[in-house]
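Structural features, examined
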Amino acid sequence: MPIVCVLGAAIDKSDTEPLLMAYNASMSATTPFPSWLTAFTGINQWPGPDPPYIPLDFIDFSKIPNHGLRGMGVCPTTRDSCSFDCYKCVSYDDVYTCPKLSQSFDDGPSAFTDRLLDNLNHKVTFFTLGMNVVRYPETYLKAVQKGHLMGTHTWSHKFLPSLTNEQVVAQFEWSIWAMNATAGHLPKWYRPPYGAIDDRIRVIARMFGMQAVVWDYDLFDWRMETVPPTKTKQQVLEDARRFKAQGRGGFTLEHDAYASTVDAAIEVSKIYGPDQLTAAQCVDSFDYIKQYQEDDGK
Ligand SMILES: [Zn+2]
């Protein structure tokens, strides 16, 4: 099967429905909205799923390539824009594999992330949604304190290639502010929702100092949450054993958004074993753009 079909399946509507259910079930923001952010934005509460664009002086719109906008499941006719979701194209600074077989988690924090944190005995990478960071700040901080690497998965999980440049900036800036307000750090690593990335998105992210992290192995764990389910926990674990049996390194995509995927992830961690790396460790890089100290007056 051509890879474009595999990825097409990953971004069909069944991928978005469980996520929307997670949103509806979530509580409202609990991270206090910081005064420095009000001073900068003129806003005094965390935004909804369509965050406002706030201009930033380091975003140079003249340097952003114009590849046009495209919707979910729509691919460009040429490969000039280096789309990962359409053609599995990776750029020079994308992290797309790892020397060791390693787990990474998208879409959290959620009400189920705590259980995952209590059952992991190795470090992993979490790509968090800003909206969920401010809903579950204590869970986010617990992950940080346990030494896991925190990256961003944008503010509200939009299909980035369908957004204007300003909307893409807003998705990144609000997710970064959520992480900074909650844990005092600025992310170095991001994972585009649905793996939907091209050079327009990469150029914008690089202006924030961020690099993309994609994956080599997809466990499709979210298919346990489609209605009806299109994958069983047993099938997820069989895939994990198959990946492990290949004896190669690599990055696995999983989700900490549901009880079912967290249950499976705990079993996957036993199959892979504790000898895993975070995204930063995979490429011998650093964890965060900046980590503020308590007395930095943030
Ligand atoms: Zn996601």
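Here, every reference points to the structure presented above.
So, here's what we can say about the structure. Every value quoted in this text rests on a predicted model; they were computed, and no experiment measured them. (Residues numbered from 1 in each chain as written. Predicted model: local features only at pLDDT ≥ 70, side-chain atom pairs only at ≥ 80, totals over all residues. Heavy atoms only, no water.)

**As for the coordination of the zinc ion**
Cut-off, in case you're wondering: Coordination partners: N, O, S within 2.8 Å of the metal, 3.2 Å for Na, K and Ca; water not considered, so apparent gaps in a site are possible. Where helices and strands are cited, they refer to DSSP runs of H or I of at least four residues and of E of at least two residues respectively, numbered from the N terminus. For each residue, the accessible area found with a 1.4 Å probe, counting protein chains only, is set against the maximum for its type, and the residue is called buried under 20%, exposed over 50%, and partly exposed in between.
Coordination of the zinc ion by the protein is provided by Asp 107 (OD), His 153 (NE2) and His 157 (NE2), with metal-donor distances spanning 2.0 to 2.1 Å. Read N to C, the donor residues that coordinate the zinc ion are spaced as D-x45-H-x3-H. Here His 153 lies in the loop between β3 (149-152) and α8 (165-183) and Asp 107 lies in the loop between β1 (101-106) and α5 (113-119), a separation of 46 residues in the sequence. This pair shows no difference in class: Asp 107 is buried, exactly as His 153 is.

**Digging into the side chain of Asp 198**
Counted only if it meets this: The contact definition used throughout considers only heavy atoms, calling two residues in contact when any of these lie within 4.5 Å.
Within the secondary structure, Asp 198 sits in the loop between β5 (189-190) and α9 (199-207). According to the relative accessible area criterion, Asp 198 is buried, its value standing at 2%. Sequence-distant contacts of Asp 198, defined by excluding residues within four places in its chain, comprise Arg 70, Ser 81, Cys 82, Ser 83 and Pro 161.

**Considering α9**
The buried count for α9 comes to eight of nine residues, which makes it a mostly enclosed element. Listed as buried for α9 are Asp 199, Arg 200, Ile 201, Arg 202, Val 203, Ile 204, Ala 205 and Met 207. Elements in contact with the buried residues of α9: α4 (84-87), α8 and β5.

**A short note on the pattern of salt bridges**
What counts is decided by this rule: We define a salt bridge as a side-chain nitrogen of Lys or Arg found within 4 Å of a carboxyl oxygen belonging to Asp or Glu.
Counted by the stated rule, this structure contains 15 salt bridges. In this structure, Arg 70 engages Asp 85 in a salt bridge whose closest nitrogen and oxygen atoms are separated by 2.9 Å. Here the residue Arg 70 occupies a position in the loop between α3 (35-41) and α4, and Asp 85 occupies one in helix α4, the gap between them amounting to 15 residues. For the residue pair Arg 70 and Asp 85, the accessibility class agrees, reading buried in each case. Note that Arg 206 is salt-bridged to Asp 93, the shortest N-O span being 2.7 Å. Taken together, the positions of Arg 206 in helix α9 and Asp 93 in the loop between α4 and β1 put the pair 113 residues apart, joining distant regions of the chain.

**Topic: the environment of Val 95**
Looking at the element boundaries, Val 95 is found in the loop between α4 and β1. In the structure, Val 95 is positioned 117 residues away from Ala 212 in sequence and 6.2 Å away in space, judged by C-alpha atoms. Excluding anything up to four places from it in sequence, Val 95 contacts Trp 189, Ala 212, Val 213, Val 214, Phe 251, Ala 279 and Val 283.

**What about the state of the cysteines?**
Definition in use: To count as a disulfide, a pair of cysteine sulfur atoms needs to be within 2.5 Å.
Counted under the stated rule, the structure contains three disulfides. The disulfide that involves Cys 82 links it to Cys 89, with 2.0 Å between the sulfurs. When the S-S torsion is -90 degrees, as for the bridge of Cys 82 with Cys 89, the disulfide is left-handed. Here Cys 89 falls in the partly exposed class, since its relative accessible area comes to 23%. Disulfide pairing is shown between Cys 98 and Cys 282; the S-S distance is 2.0 Å. Between Cys 98 and Cys 282, the S-S torsion sits near -85 degrees, and that sign places the bridge as left-handed. One end of the pair, Cys 98, is in the loop between α4 and β1; the other, Cys 282, is in helix α12 (residues 279-282), and 184 residues separate them in sequence. According to the relative accessible area criterion, Cys 282 is buried, its value standing at 10%. When the bonded cysteines of the protein chain are counted from the start of the sequence, the pairing works out to 1-3, 2-4, 5-6.

**Observations concerning α8**
Stated precisely, the cut-off is as follows: What a helix is expected to span follows from its residue count: subtract one and scale by 1.5 Å.
With 19 residues, α8 ought to run about 27 Å at 1.5 Å a step, and its terminal C-alpha atoms sit 27 Å apart, in line with that. Taken across its 19 residues, α8 has 16 buried, putting it largely inside the fold. Of the residues trailing α8, Gly 184 is marked for its positive phi of about 70 degrees.

**Here's the deal with unusual backbone geometry**
Residue Pro 109 is bonded to the preceding Gly 108 through a cis peptide linkage, with omega at -5 degrees. Of the consecutive residues Val 227 and Pro 228, the connecting peptide bond is found in the cis state with omega at -5 degrees. One non-glycine residue, Asp 107, lies in positive phi territory at about 85 degrees. Backbone geometry at Asp 284 places phi at a positive 55 degrees, although glycine is not the residue there. Positionally, Asp 284 belongs in the loop between α12 and β9 (288-291).

**Re the packing of aromatic side chains**
The relation between two aromatic rings is expressed through the spacing of the ring centres and the mutual angle of the planes. To be explicit about the condition: Ring pairs are drawn from Phe, Tyr and Trp, using the six-membered ring of Trp, whenever the two centres fall within 6.5 Å, and their geometry is named by plane angle: stacked under 30 degrees, edge-to-face over 60, tilted for the rest. Charges are assigned to positions over rings by a cutoff of 6 Å between ring centre and Lys NZ or Arg CZ, combined with an angular limit of 35 degrees from the ring normal.
With the rule as written, the count across this model stands at 16 aromatic pairs. These aromatic residues form a ring-pair network of at least three members: Phe 33, Phe 40, Trp 46, Trp 155, Trp 174 and Trp 177. Looking at Lys 188, its charged tip hangs above the ring of Trp 189, at a distance of 5.8 Å from the centre. Here Arg 223 stacks its cationic end above the ring of Phe 220, 4.2 Å away from the centre of that ring.

**Topic: empty space enclosed by the protein**
With a probe scaled to a water molecule rolled over the atoms, the places where space remains empty come into view. Under the convention used in this document: Whether a set of points on the 1 Å grid over the protein atoms alone is a cavity depends on a 1.4 Å probe fitting there but being unable to get out, while an open set qualifies as a pocket with protein on both sides within 12 Å along at least five of seven lines; lining residues are those with an atom within 4 Å of a point. Grid points are joined across faces, edges and corners, and a volume is the space filled by probe spheres set on the points. Here the term charged refers only to Asp, Glu, Lys and Arg, the term nonpolar to Ala, Val, Leu, Ile, Met, Phe, Trp, Tyr, Cys and Pro, and the term polar to all other amino acids, Gly among them.
Applying the stated criterion across every chain yields a total of two cavities of 30 Å³ or more. Taken as a whole, the second largest cavity spans an internal volume of roughly 30 Å³. Lining of the second largest cavity is provided by Pro 109, Thr 113, Phe 126, Thr 128, Thr 139, Tyr 140, Ala 143, Met 150 and Asp 256. Looking at the lining of the second largest cavity element by element, the count peaks at three residues for helix α7 (residues 137-145). A breakdown of the residues in the lining of the second largest cavity according to their chemical character gives five nonpolar, three polar and one charged.

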